[in-house]
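Summary of the model geometry
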Amino acid sequence: MLYAIIGDDVPGSLEKRLAARPAHLERLKELQDAGRLVLAGPCPAIDSPDPGPAGFAGSLIVAEFDSIAEAQAWVAADPYVTGGIFAHTTVRPFKKVLPA
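In short, a report on the structure. Model, not experiment: these values are computed from the prediction.

About the criteria used
- Residues numbered from 1 in each chain as written.
- Predicted model: local features only at pLDDT ≥ 70, side-chain atom pairs only at ≥ 80, totals over all residues.
- Heavy atoms only, no water.
- 1 Å grid on protein atoms, 1.4 Å probe; cavity = no way out; pocket = protein on both sides within 12 Å on 5 of 7 lines; lining within 4 Å.
- Points joined across faces, edges and corners; volume = space filled by probe spheres on them.
- Nonpolar A, V, L, I, M, F, W, Y, C, P; charged D, E, K, R; others polar.
- Core = buried A, V, L, I, M, F, W, Y, C linked by side-chain atoms within 4.5 Å.
- Buried < 20%, exposed > 50% of the residue type's maximum accessible area, 1.4 Å probe, protein only.
- Helix = DSSP H or I, 4+ residues; strand = E, 2+ residues; numbered from the N terminus.
- Contact = heavy atoms within 4.5 Å.
- Patch = residues over 30% accessible without salt bridge, like charges linked within 9 Å, V, L, I, M, F, W, Y side chains within 5 Å.
- Areas by Shrake-Rupley, 256 points an atom, 1.4 Å probe, with all protein chains shown as cover.
- Salt bridge = Lys/Arg side-chain N within 4 Å of Asp/Glu carboxyl O.
- Pairing = 2+ DSSP bridges.
- Axes fitted to C-alpha atoms, helices over the stretch in contact; angles between N-to-C directions.
- Polar contact = N/O pair within 3.5 Å; in protein donor to acceptor, adjacent residues only side chain to side chain.

**Some details on empty space enclosed by the protein**
- Applying the stated criterion across every chain yields a total of one cavity of 30 Å³ or more.
- Empty space within the largest cavity amounts to approximately 30 Å³.
- Every residue lining the largest cavity is listed: Ile 5, His 24, Ile 61, Trp 74, Val 75, Asp 78, Val 81 and Phe 86.
- Grouping the amino acids of the lining of the largest cavity by side-chain chemistry returns six nonpolar, one polar and one charged.

**Overview of the nonpolar core**
- One finds Tyr 3, Ile 5, Leu 28, Leu 31, Ile 61, Ala 63, Phe 65, Ala 71, Trp 74, Val 75 and Val 91 forming the largest nonpolar core, which totals eleven residues.
- Contributing elements (two or more residues each) for this core: β1 (2-9), α1 (14-33), β3 (56-64) and α2 (68-76).
- The residues contacting Leu 31, other than those within four sequence positions of it, are Arg 36, Leu 37, Ala 63, Phe 65 and Trp 74.

**Description of a nonpolar patch on the surface**
- Taken together, the side chains of Ile 6, Val 38, Leu 39 and Leu 60 present a nonpolar region at the surface, about 280 Å² in accessible area.
- Residue position: Val 38 is located in strand β2 (residues 37-44).

**Structural notes on the sheet that holds β1**
- Strand order in the open sheet formed by four strands is β2-β3-β1-β4, with antiparallel pairing between adjacent strands. One side of each edge strand has no neighbouring strand; the edge strands of this open sheet are β2 and β4 (86-94). Strand-to-strand, the axes of this sheet are offset by a mean angle of 10°, without reference to chain direction.
- Contacts from α1 reach β1, β2, β3 and β4 within the one sheet, and its direction differs from that of β3 by about 10°.
- Where α2 meets the sheet, its contacts fall on β1, β3 and β4, and the angle it forms with β4 comes to roughly 155°.

**Regarding the side chain of Ser 13**
- Structurally, the position occupied by Ser 13 is in the loop between β1 and α1.
- A polar side-chain atom of Ser 13 sits 3.2 Å from the main-chain carbonyl oxygen of Val 10.
- Residue contacts for Ser 13: discarding those within four places in its chain leaves Phe 56 and Ile 85.

Purely spatial values, then, with no claim about function.
Here you go:
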């Protein structure tokens, strides 16, 4: 099943986020290589594709896992969680409708 994973950044996390980004992307690449990643990306803190020093407010990932428990465990081990970048994460079942 697909799960939407939403991570909310702690204020002022840009420096930590940039440091943890390679390890975070490596884990996402593993999901992609397994054909389980639908989309992933950050949410800029301001209305701009390149927020510069304003940084990011969080991230959205939609990926396939066998269960919500597996998705939650994957999130708990992510460098953005273990590195203190995400203040809070939400994992919810997701049903893709469009594009078909």
